[in-house]
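What follows is the residue order along each chain.
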Amino acid sequence: MEIIKGIIISINEYKENQFILNILSEEALYSASTTSNKRKTNSSLQKFAFGEFILYKGPTKYFKIKDFNSDFLMSNVYSDFNRLIEIDFFNEILSKIDYENINIAKLYNLVLLTIKSIDNLSNNDRYITLYFFFHILKMLGLDPTYTKLYEKEKINLDCQDFTKSVDKQTFLILFRFFSKILNDYLGVFLNSYYNFR
């Protein structure tokens, strides 16, 4: 039996009536199975839910979820179309990065900060998206600050003041630039790139 604090970063159908959840903790990425009945009983087993998981080893290679007590569930993003597009981007980038070559503890803290911040509608969603993308690139060993396209005086993405406003043009220039870095150096192309216009 293992008790972990974690964030559900993906939910995939596995077999009839079965789901595999990828749970990011500060120590590791866990894969755990659950049934659709258990998901109905515990409706907090949803994407980007954060809390305490009780896991046990089942007969398969996956852990099984015995219980989940949520500390945080997204609720406000669903009323904002732009935030849903950004959630789609977070989903995609988390599904395409290589977890073997990233600092899991740093990633866990970044994802937790991001999901809590994006769900707070008083925060600026564009700034949060750029902040997340910028720090993911740095964790992957890619430095997005080496060019004049990123001018720290205009936008300082090391700052955690998520109420900062970002105009649409600056957002699009930096988002496209960060996407190009990811594609050029790691061969990762983001489909969600087309959602930002």
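As shown above, the structure is provided for reference.
Chemist: How would you explain the nonpolar core if you had to name every residue and give the values?
Modeler: Judged by nonpolar contacts, the single largest core of 52 residues is most densely connected at Phe 48, Ile 93, Leu 94 and Leu 107. Secondary-structure elements contributing two or more residues to this core are strand S1 (2-13), helix H2 (81-96), helix H3 (104-118), helix H4 (125-139) and helix H5 (168-186). In contact with Leu 94, not counting residues within four places along its chain, are Ile 9, Phe 48, Tyr 99, Leu 107, Val 111 and Phe 132. Residues Leu 21, Ile 23, Phe 53 and Leu 55 belong to the second largest nonpolar core, which totals 14 residues.

Chemist: Quick one: what's the story with a nonpolar patch on the surface, residue by residue and with numbers?
Modeler: There is a patch of nonpolar side chains on the surface, built from Tyr 146, Tyr 185 and Leu 186 and spanning about 370 Å² of accessible area. By the element assignment, Leu 186 lies in helix H5.

Chemist: How would you sum up the packing of H4 against H5? Please name residues and give values.
Modeler: Running from N to C, H4 and H5 cross one another at 20 degrees; their axes reach a closest spacing of 10 Å. Comparing the axis directions of H4 and H5 gives the class roughly parallel. Seen from above, H4 lies across H5 with left-handed handedness. Touching Arg 126, Thr 129, Leu 130, Phe 133, Phe 134 and Leu 137 of H4 are Lys 168, Phe 171, Leu 174, Phe 175, Phe 178, Ser 179, Ile 181 and Leu 182, all from H5. Looking at the contact of H4 with H5 residue by residue, the class counts come to ten nonpolar, two polar and two charged.

The rules behind these values
- Residues numbered from 1 in each chain as written.
- Predicted model: local features only at pLDDT ≥ 70, side-chain atom pairs only at ≥ 80, totals over all residues.
- Heavy atoms only, no water.
- Core = buried A, V, L, I, M, F, W, Y, C linked by side-chain atoms within 4.5 Å.
- Buried < 20%, exposed > 50% of the residue type's maximum accessible area, 1.4 Å probe, protein only.
- Helix = DSSP H or I, 4+ residues; strand = E, 2+ residues; numbered from the N terminus.
- Contact = heavy atoms within 4.5 Å.
- Patch = residues over 30% accessible without salt bridge, like charges linked within 9 Å, V, L, I, M, F, W, Y side chains within 5 Å.
- Areas by Shrake-Rupley, 256 points an atom, 1.4 Å probe, with all protein chains shown as cover.
- Salt bridge = Lys/Arg side-chain N within 4 Å of Asp/Glu carboxyl O.
- Axes fitted to C-alpha atoms, helices over the stretch in contact; angles between N-to-C directions.
- Parallel < 35°, antiparallel > 145°, perpendicular 65-115°, else oblique.
- Left-handed = near helix turned anticlockwise from the far one by under 90°.
- Nonpolar A, V, L, I, M, F, W, Y, C, P; charged D, E, K, R; others polar.

Distances and angles like these do not, on their own, reveal function.
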